[in-house]
Structures are given as C-alpha cells and as structure tokens.
Amino acid sequence: MILRRLARPMLAGIFIAGGINVLRNPEAHVEAAKPVLDGTLNKVGDKLPEQVPSDALTLVRIDGAVKVGAGALLALGRFPRLSALLLSGSLVPTTLATHRFWEEKDASNRQQQQIHFLKNVGLLGGLLLASADTAGKPSLGWRAKRAGKKLNKTAHDFSAWTADTTDTVGDTLSSAPKKARKAIAGVLPG
C-alpha cells in the first residue's frame, strides 16, 4: 500500500538523522546519558554478563548504530516490524536521558524539554503501530488460532468417520482386492 511506503520513511527519517549525529559526535551525547546510565547500572550492573558493555561511550555508539540501521530498514520496508521494535527500544532510554523536563528549574527550558518529551512519546506511539502492522496479512496469532481450529475439526471429523465406518471397514478391506482386479482388468487389454 502506498501509505506504508510513504509513512515508514517519514517515521524513520528522524532516527537516521539522530543516529548519524550520535555517531559523528558521541561525546556530546555521553554527558546527557550518564545520569540515566549511572542510575541503571547501579541497580542492575552486577547482574549483567561481562560481555555487556557498561561504559557510556560504547552504549551511546551502539544506540546511534541501532538508530541508523533500524531506521534505514524501516525506511526501505525491510523487516519493518522488527526495525520498529528496535527503534522503540532505543527511543525510550534516549528520551529518559535527554528530555528530563521534570528536573528543569527554568520554566522556559522545562516547557521545551516537555515538548520534546511528548514528541518522542508520539514517535513511540507511531513505532508501536508500525511494529504491529501486518501489512494486511493476518497476524501470526490469528493464523495459529485458525490452524488449531482446522486441526480440531479434522480430528473430530476423522473420529466421527471411524466411529461410523468400523462395521464396514472389514468388509471394505476384504472386497478391495476383488475390486482392484476388476478395475485393472477393465483398463488393461484382454
């Protein structure tokens, strides 16, 4: 549908641009991310495996790369549901780190941060819609439920058939060789 082909790149554009900005200048974003990262790592840092990076610079770079990669995939319509979910997961910590309007003392700055916070919440809503969009195809849950109903009906029909035909199954099997010989005799030249 043409709407998806227009809307996906429109939604993805801000993430691609933001991700490129982060990758070009990660140090500026590290300062904004540190308060949230420090609070989070203090709570769950000891439960994380060693392989998970915990320094702010690496995490900011990963976030930028996710935004560029998933944004490009969403814009191109490749794996749109997965890319929208990845962007959603990237947007939440970014919003909490950079638009903490509740901590602003100045009313003007608070209002600007609140506007950016609400803009990101709106983007999150769009991403959640994109992640649930099946492009007109039935969802996986619907297909599984339908397959289960078909299987149940087939099993029920089979059990009803076997109950009705138990008396005639023996007769049918014993007469099958005779019927097969007659059928073959009618086809083959004499």
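Relevant structure appears above.
Residues numbered from 1 in each chain as written. Predicted model: local features only at pLDDT ≥ 70, side-chain atom pairs only at ≥ 80, totals over all residues. Heavy atoms only, no water.

### Considering the packing of helix H2 (residues 26–44) against helix H3 (residues 56–76)
Inference 1: In contact at an axis separation of 9 Å, H2 and H3 are set at 110° when each is read in the N-to-C sense. Classified by the interaxial angle, the pair formed by H2 and H3 is roughly perpendicular. The segment H2 lies against H3, with Pro26, Glu27, His29, Val30, Ala33, Lys34 and Leu37 engaging Ala56, Leu57, Leu59, Val60 and Arg61.
Inference 2: Grouping the constituent residues of the contact of H2 with H3 by class yields eight nonpolar, one polar and three charged. (Axes fitted to C-alpha atoms, helices over the stretch in contact; angles between N-to-C directions. Helix = DSSP H or I, 4+ residues; strand = E, 2+ residues; numbered from the N terminus. Parallel < 35°, antiparallel > 145°, perpendicular 65-115°, else oblique. Contact = heavy atoms within 4.5 Å. Nonpolar A, V, L, I, M, F, W, Y, C, P; charged D, E, K, R; others polar.)

### Some remarks on the nonpolar core
Inference 1: Counting residues in hydrophobic clusters, the biggest one holds eleven residues: Leu11, Ala12, Phe15, Ala70, Leu74, Ala84, Leu87, Leu91, Leu123, Leu127 and Ala130.
Inference 2: Breaking this core down by element, the ones donating at least two residues are helix H1 (2–24), H3, helix H4 (80–98) and helix H5 (107–132).
Inference 3: Among the nonpolar cores identified, the runner-up in size contains six residues, and Val22, Val30, Leu37 and Val60 belong to it. (Core = buried A, V, L, I, M, F, W, Y, C linked by side-chain atoms within 4.5 Å. Buried < 20%, exposed > 50% of the residue type's maximum accessible area, 1.4 Å probe, protein only.)

Interpretation note: all reported values are geometric properties and have no functional meaning in isolation.
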